[in-house]
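# Reading the structure
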Amino acid sequence: MILYDNQKPYFKKPSVITIGTFDGVHIGHQKIIERLVKVGQNKNLESAVLTFFPHPRMVLQKESNIKLLNTIDERKELFSKLGLEALVIKKFNKEFANLSARDYVKNILVDELNAKHIIIGYDHYFGKNRSANIDDLNIFGKEFGFEVEEISAQDIKDVAVSSTKIRNAVSDGDFQTANSYLGSPYFITGTIIKGKGLGKQIQFPTANIQIKEDYKLIPKNGVYIVNSIIDNIIVHGMMNIGTNPTFNGTKQSIEVHFFNLDKNLYNNTLKVNIINRLRDEHKFESVALLKEQLKLDQEQSLKFINDYE
């Protein structure tokens, strides 16, 4: 169940909630969600995550060029697999940021979410100018009748370290590290659009992926081993992120060549899982040399896929 601001009241049944952006929904986050779901089951409470969109830094720091591991739609997909009963997405704007700590707790956590148990990090701050902390939340808990459970400092550290390592790894094209922390492959989601048909000219037709969210973290230019689920079947391929320098391109594009697939994918939304990085993008002296390299890339990809599976 995904709930937005215009769907009130959220819960008739009391809830156990945790709060955060949960970018990546990685193994550290999953540990917190597992605890949340368990408390909900044991106490007969609705298990819910309260998250925010846009990211607060996008609103409060206008010059912020923050890049996120997940778009909001991708985050919804990841949460849906974790046994949660509800994901509540609050629109973060300046009006919300200016709520006093007490109004935030009473109006949202208590009145809207019917919170009876809140699982939160020791370093959680909330309210206007982030003026309140977990000690204040405990005081509000006594006033409004909810329990506060503190996530350990070590677990919070693990979450922070994991998020930083994942972002750095994705940026650097290190998907063995990124995927190990995520617990599943890093992925991008976009719409298939018509390209220039350059791949088709050299017998390597590609699906050109357009990602509408400019805050999505894209790996550095290069060639990657990927897969997607198309018509309920896992289809493997290789993806190029870059400018097509052999064809004197200047604009970055994301193109996937799927092995053994003959299907019109235009206008479909496609999720592409990134398994590993093959190489940097190069400018070849001729199209023929590029084609030879692509054949080698495909051989290497298929070998890796066979070993990977």
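Each remark here, short or long, concerns the structure printed above.
The following paragraphs examine the structure supplied in this document.

About the thresholds
- Residues numbered from 1 in each chain as written.
- Predicted model: local features only at pLDDT ≥ 70, side-chain atom pairs only at ≥ 80, totals over all residues.
- Heavy atoms only, no water.
- Buried < 20%, exposed > 50% of the residue type's maximum accessible area, 1.4 Å probe, protein only.
- Helix = DSSP H or I, 4+ residues; strand = E, 2+ residues; numbered from the N terminus.
- Pairing = 2+ DSSP bridges.
- Salt bridge = Lys/Arg side-chain N within 4 Å of Asp/Glu carboxyl O.
- Core = buried A, V, L, I, M, F, W, Y, C linked by side-chain atoms within 4.5 Å.
- Contact = heavy atoms within 4.5 Å.

## Re the pairing of strand β4 (residues 86–91)
Among the 6 residues that make up β4, 5 are buried, leaving the element largely enclosed by the rest of the structure. The sheet contact formed by strand β3 (residues 46–53) and β4 spans 6 bridges and is parallel. Bridging across to β4, Thr 51 finds its partner in Ile 89.

## Considering the pattern of salt bridges
Summed over all chains, the structure comprises 16 salt bridges. Notably, a salt bridge pairs Glu 149 with Arg 35, separated by 2.7 Å at the nearest N-O pair. One end of the pair, Glu 149, is in strand β6 (residues 147–151); the other, Arg 35, is in helix α1 (residues 27–43), with 114 residues separating them in the sequence. Asp 307 is paired through a salt bridge with Lys 303; the nearest N and O atoms lie 3.2 Å apart.

## Concerning helix α3 (residues 72–79)
For α3, a buried count of 6 out of 8 residues is recorded, marking the element as mostly surrounded by other parts of the structure. Among all positions of α3, only Ile 72, Glu 74, Arg 75, Lys 76, Leu 78 and Phe 79 are buried.

## Section: the nonpolar core
By size, the foremost hydrophobic cluster in this structure holds 30 residues, and its most contacted members are Tyr 104, Val 105 and Leu 109. Among the elements that take part in this core, helix α5 (residues 101–112) stands out by supplying 6 residues, more than any other. Among residues more than four places away in sequence, those in contact with Val 105 are Val 110, Phe 126, Leu 137, Phe 140, Phe 144 and Phe 146. Listed in part, the 27 residues of the second largest apolar core include Ala 169, Tyr 186, Val 256 and Leu 265.

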